[in-house]
Amino acid sequence: MDPVTEHRAPEPLTEYAQRLIHKVRAFDRRRPLLWDLHFTGFWVTAALIDYAGGGWRHNAHSLDVPGWLLLTLSLGLSAPLLWRRTHPGAVLAAMVPFALVNAWTGAALQAALLQLVLIYHLALRRPLRDLWWATALVIAPVLVSAVRHGEGTWHQQIGSHLMSITVAALIGVTVRTRRNYTEALEDRARRLETERDQQAQLATAAERARIAREMHDIIGHNLSVITGLADGGRYAAAKSPERAAQALDAIATTSRQALTELRRLLDVLREEEKRQPDLTPQPGLTDLDQLLDGVRAAGLPVSTTVHGSPTLPTGRQLTVYRVVQEALTNVLKHGGPHATAEIELSYEEMAAVTVTITDTGSGNGNGNDGNSRDGRGLPGMRERTALYGGTLEAGPRPHPEQGWRVRLHLPEEAPQ
């Protein structure tokens, strides 16, 4: 199909007809009784005109039908249409006696054809099996007329009425199918909209957790380093002013580093800013030395042992960096003044890595459980580890050893 033809805008007349149909349906939904009164009033008026103007005489089998009976039949075959949508089966059953009298007397009023409106509504609103008995009720007066007056052949009269009933039923089924299809599309659109909102909420929650984790890693670590440097500088101020000045320089350097990382994180979040955010990469293995220098400057001795050659992608490098950073931050917070730390990194094939951080801290304030050293740090490390299907173990070292051990293992990366 030609794309131009496929996406062509509707013709003005078609668009106008669609708007008009939409307005009529909207009016019908708002005021169904008013529309039913108009519809019924139209056909009652047509039936009365046929009676009063003598038009019924052109099709009648007998002209000796009393006027009062003609009036009664005209109203009986048209007025019940007021309830055609709410009770189509009952209305059709109520119209059948008038149709039988109409056929028996030979009046042959055209209002009897309004039974086809009931066939349409039965096909539109009721189970399709109801059309069998409805067809029998509509055909019964035709049989009475054929037996009573004997005009025309049986198959002609019954065949023409069956054709009319079939057309009315098919129109009802078509409208019903179209309506069900439209309702299904609307329901699907509502469910997709709900699912989209849920996905947006989940994405927002995940992004909020990620931002909180990054903020915790940046602020928690750097403030712990600054606190350690400030305590050391305070003790050194009286005896060694030079050492105090070095501590102040280290505090300034660490503060600038923290501010730089915070600005980079916040610049990414400021969508309204026209300037480009700082696109400095996230920290990786090459930044571990700077991290360890800052921790050592804060008064925590750290030794490092490396096995193998690092060949990790950037995402895994960030995970290793953040786990080491969080573990050392917890040592600075809870390890005590004489704590030491040891880091062992084992790089394996296919980007697998194992990191073990062991400290000899006194454990004051850690509570000897796997989550109480920090309210957010260990859960954040586990979330990072879970992204790569790894495992994270964190807890006190076995008695009689003191301190804490954190062990991270990221398995081999699946081939793409």
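Each chain has its residues counted from 1, following the order in which its sequence is written. Local features in a predicted model are, by the rule used here, given only for residues with pLDDT of at least 70; side-chain atom pairs are given and counted only at 80 or more, and totals for whole chains, interfaces and linings are based on all residues. With hydrogens and water stripped out, all remaining heavy atoms of the structure feed into the side-chain values.

1. Here's the deal with a positive patch on the surface
Exposure above 30% relative accessible area and the lack of any salt bridge qualify a residue for a patch; like charges then connect within 9 Å, and the nonpolar side chains Val, Leu, Ile, Met, Phe, Trp and Tyr within 5 Å. Note on areas: these come from Shrake-Rupley sampling with a 1.4 Å probe, and a residue is covered only by the protein chains present in the view. By salt bridge we mean one thing: a side-chain nitrogen of Lys or Arg within 4 Å of a carboxyl oxygen of Asp or Glu. In this tally, Asp and Glu contribute negative charge and Lys and Arg positive charge; neither His nor the terminal groups of the chain are included. A charged residue contributes its charge at one atom only: NZ of Lys, CZ of Arg, CG of Asp or CD of Glu. The grouping of Arg-25, Arg-29, Arg-30, Arg-31, Arg-125, Arg-178 and Arg-179 at the surface amounts to a positive patch. A run of DSSP states H or I qualifies as a helix once it reaches four residues; a run of E qualifies as a strand once it reaches two. Both are numbered from the N-terminal end. Of all the secondary-structure elements, those providing two or more residues to the positive patch are helix H2 (12-30) and helix H8 (154-239). Top contributing element to the positive patch by residue count: H2, with three residues. With respect to the secondary-structure elements, Arg-125 resides in helix H6 (residues 115-125).

2. Digging into the layout of surface pockets
Of the pockets and cavities examined, the largest pocket occupies roughly 1,000 Å³. Residues are called lining when one of their atoms sits within 4 Å of a cavity or pocket point, these points coming from a 1 Å grid over the protein atoms alone, where a cavity is a set in which a 1.4 Å probe fits but cannot get out and a pocket is an open set with protein on both sides within 12 Å along at least five of seven lines. Lining the largest pocket we find 22 residues, and of these Arg-25, Asp-28, Tyr-120, Val-175 and Arg-179 sit closest to its centre. At the level of secondary structure, the elements contributing two or more residues to the lining of the largest pocket comprise H2, helix H3 (32-52), H6 and H8. Each residue is assigned to one class: nonpolar for Ala, Val, Leu, Ile, Met, Phe, Trp, Tyr, Cys and Pro, charged for Asp, Glu, Lys and Arg, and polar for all the others, Gly among them. Per-class residue counts for the lining of the largest pocket are nine nonpolar, three polar and ten charged. Grid points are joined across faces, edges and corners, and a volume is the space filled by probe spheres set on the points.

3. Description of the confidence of the model for the protein
On average, residues of the protein carry a pLDDT of 80, and 83% of them reach 70 or more. Per-residue confidence from the prediction method is given by pLDDT, with values spanning 0 to 100. When checking whether two residues touch, look at their non-hydrogen atoms; a contact exists if any pair is within 4.5 Å. A low-confidence stretch, residues 1-6 (pLDDT under 50), is modelled with one contact involving residues beyond four sequence positions or located in other chains. Long-range and interchain partners of residues 364-372, a stretch whose pLDDT sits below 50, account for 16 contacts in this model, where long-range means more than four residues apart.

4. Side note on the pattern of salt bridges
This model, assessed by the stated rule, comprises eleven salt bridges. Note that Asp-36 is salt-bridged to Arg-84, the shortest N-O span being 3.2 Å. In this pair, Asp-36 is assigned in helix H3 and Arg-84 in the loop between helix H4 (67-76) and helix H5 (88-105), connecting sequence segments 48 residues apart. For the pair Asp-36 and Arg-84, one class covers both residues: buried. Here Arg-405 makes a salt bridge to Glu-393, at a shortest N to O gap of 3.7 Å. Note that Arg-405 is positioned in strand E5 (residues 404-410) and Glu-393 in strand E4 (residues 391-396), a separation of twelve residues in sequence. By relative accessible area, Arg-405 is classed as partly exposed at 39%. Buried residues are those whose accessible area, probed at 1.4 Å on protein chains only, stays under 20% of the maximum for their type, while exposed residues exceed 50% and partly exposed ones sit between those limits. Using a relative accessible area of 40% as the deciding quantity, one classes Glu-393 as partly exposed. Here the salt bridges do not stand alone but share partners, grouping Asp-36, Arg-84 and Arg-85 into one network.

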